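# Architecture at a glance
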Amino acid sequence: MRLDLNNTVNSADEAASETVDHGPVTWRDFVQLAKPGIIFSNSITAFGGFWVASGWQINWLQMLYTMIGTALVMASGCVLNNYLDRDMDTKMARTQQRALPSGKLSAQTVMLYGIILGVIGVSGLGLLVNPMTALLGLIGLFVYVWIYTAWFKRTSVWSTFVGSFSGAIPPVIGYCAVRPEIDAGAIILFGILFLWQPPHFWALGIRRMEEYRAAGFPLLPVVRGTYVTKISMIRYIVLLVPLSLLLYVYGYVNVFYFYAATIMGLYWAFLCIKGFKAQDEELWAKKMFIYSINYLTLLFIIMVITTVSTNH
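No experiment lies behind these values; they were computed from the predicted model shown. (Residues numbered from 1 in each chain as written. Predicted model: local features only at pLDDT ≥ 70, side-chain atom pairs only at ≥ 80, totals over all residues. Heavy atoms only, no water.)

## Section: unusual backbone geometry
Here the phi dihedral of Lys 35 falls at roughly 55°; this positive angle occurs in a residue that is not glycine. Tracing the backbone shows Lys 35 in the loop between helix H2 (27-33) and helix H3 (36-54). In this model, Trp 56 sits at a positive phi of 75°, which is unusual for a non-glycine residue. (Helix = DSSP H or I, 4+ residues; strand = E, 2+ residues; numbered from the N terminus.)

Right, dumping it as structure tokens:
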């Protein structure tokens, strides 16, 4: 299966040329292109990975380099995602007013902006942190931009699964900034983010199902329906709960994390199961989406607080 990017580019440029002028370009437009909300939430996971690997023995300058480099790589991925999705974004109410689909910024400017961010981010990780983090950043960027955005997102219900590989990279970068090896801690952190993402994103997919359908995204709820999507969501959450507890089993965190992660994970599973009897699916999906964000944020905050002060 081959994606015709030339047609995508032409249709997007034509759509942008037909939009009205929304005023002068400002620095806020460039910030929004990088999706600061996504960068912030994923930076928390990178911070958590760094802290867990450090065991409270923090090299603050190394942490600063890691956080900035990781944020720049994530920003690059988000900007290039905007560049490739600009034709689809014109068809969705929640995205058509963004700077690129609205015609406020040119496609060439956005593409160059994304490439520059990626080069600086990956280079910074390689030169100021270690080669392992740079390699991880490059792999995550490639998978997110080309495998997920340019290919699977437009062609397959497996897009969310594929995108989860790149989305699970930030905490591993943070961890490997301290311990440049893929050991048990790195794998567990990767697994937590990998299993968290599908139920999180599918909740949004159910909320915005008609928009995704109109835009032509073959998202799971669009193609298979909400019942199948709910079944898939609960599968990931049920796997996430025991996997998240492995951080305690391997001695990275104390027992408080064990209980907190268990309670939060089981409640998320309960909330998901309630969706099978939900009369208002959009309201239920909204609650699931909000809880998933709070779950991840709180889980990593607790992970940091309960990190055991020993070297692994």
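The discussion continues.
## Describing helix H14 (residues 255-274)
The terminal C-alpha atoms of H14 lie 29 Å apart, and with 20 residues this matches the ideal 28 Å at 1.5 Å per residue to within 8%. Residues Tyr 257, Ala 260, Ala 261, Met 264, Gly 265, Trp 268, Ala 269, Leu 271 and Cys 272 constitute the buried set of H14. Viewed along the axis of H14, the buried residues span an arc of 160°, placing them on a single side of the element. Exposed positions of H14 whose direction lies more than 90 degrees from the buried face are Phe 256, Tyr 259 and Ile 263. At its buried positions, H14 is contacted by helix H10 (184-207), helix H13 (226-249) and helix H15 (281-305). (Expected span 1.5 Å × (residues − 1). Buried < 20%, exposed > 50% of the residue type's maximum accessible area, 1.4 Å probe, protein only. Arc of directions from axis to C-beta. Contact = heavy atoms within 4.5 Å.)

## What to know about the packing of H14 against H15
Interaxial distance between H14 and H15 falls to 11 Å at its minimum, and their mutual angle equals 170°. Here H14 lies roughly antiparallel to H15, going by the angle between them. The segment H14 lies against H15, with Phe 256, Tyr 257, Ala 260, Ala 261, Met 264, Gly 265, Tyr 267, Trp 268, Leu 271, Cys 272 and Lys 274 engaging Trp 284, Lys 287, Met 288, Tyr 291, Ser 292, Tyr 295, Leu 298, Leu 299, Ile 302 and Met 303. Grouping the constituent residues of the contact of H14 with H15 by class yields 17 nonpolar, 2 polar and 2 charged. (Axes fitted to C-alpha atoms, helices over the stretch in contact; angles between N-to-C directions. Parallel < 35°, antiparallel > 145°, perpendicular 65-115°, else oblique. Nonpolar A, V, L, I, M, F, W, Y, C, P; charged D, E, K, R; others polar.)

## Describing the environment of Ala 71
Tracing the sequence through the fold places Ala 71 in helix H4 (residues 60-84). Considered as a pair, Ala 71 and Phe 40 are 31 residues apart in the sequence and their alpha carbons are 8.2 Å apart.

## Concerning the pattern of salt bridges
In this structure the tally under the stated criterion is 8 salt bridges. Where Asp 85 meets Arg 154, a salt bridge forms, and the shortest distance between an N and an O atom there is 3.6 Å. Taken together, the positions of Asp 85 in the loop between H4 and helix H5 (86-89) and Arg 154 in helix H7 (residues 131-155) put the pair 69 residues apart, joining distant regions of the chain. Residue classification places Asp 85 among the buried residues on the basis of a relative accessible area of 1%. Residue classification places Arg 154 among the buried residues on the basis of a relative accessible area of 13%. Residue Arg 179 pairs with Asp 183 through a salt bridge whose shortest N-O separation is 3.2 Å. The burial state of Arg 179 is the same as that of Asp 183; both residues are buried. Each of Asp 85, Lys 153 and Arg 154 takes part in one network of salt bridges that share partners. (Salt bridge = Lys/Arg side-chain N within 4 Å of Asp/Glu carboxyl O.)

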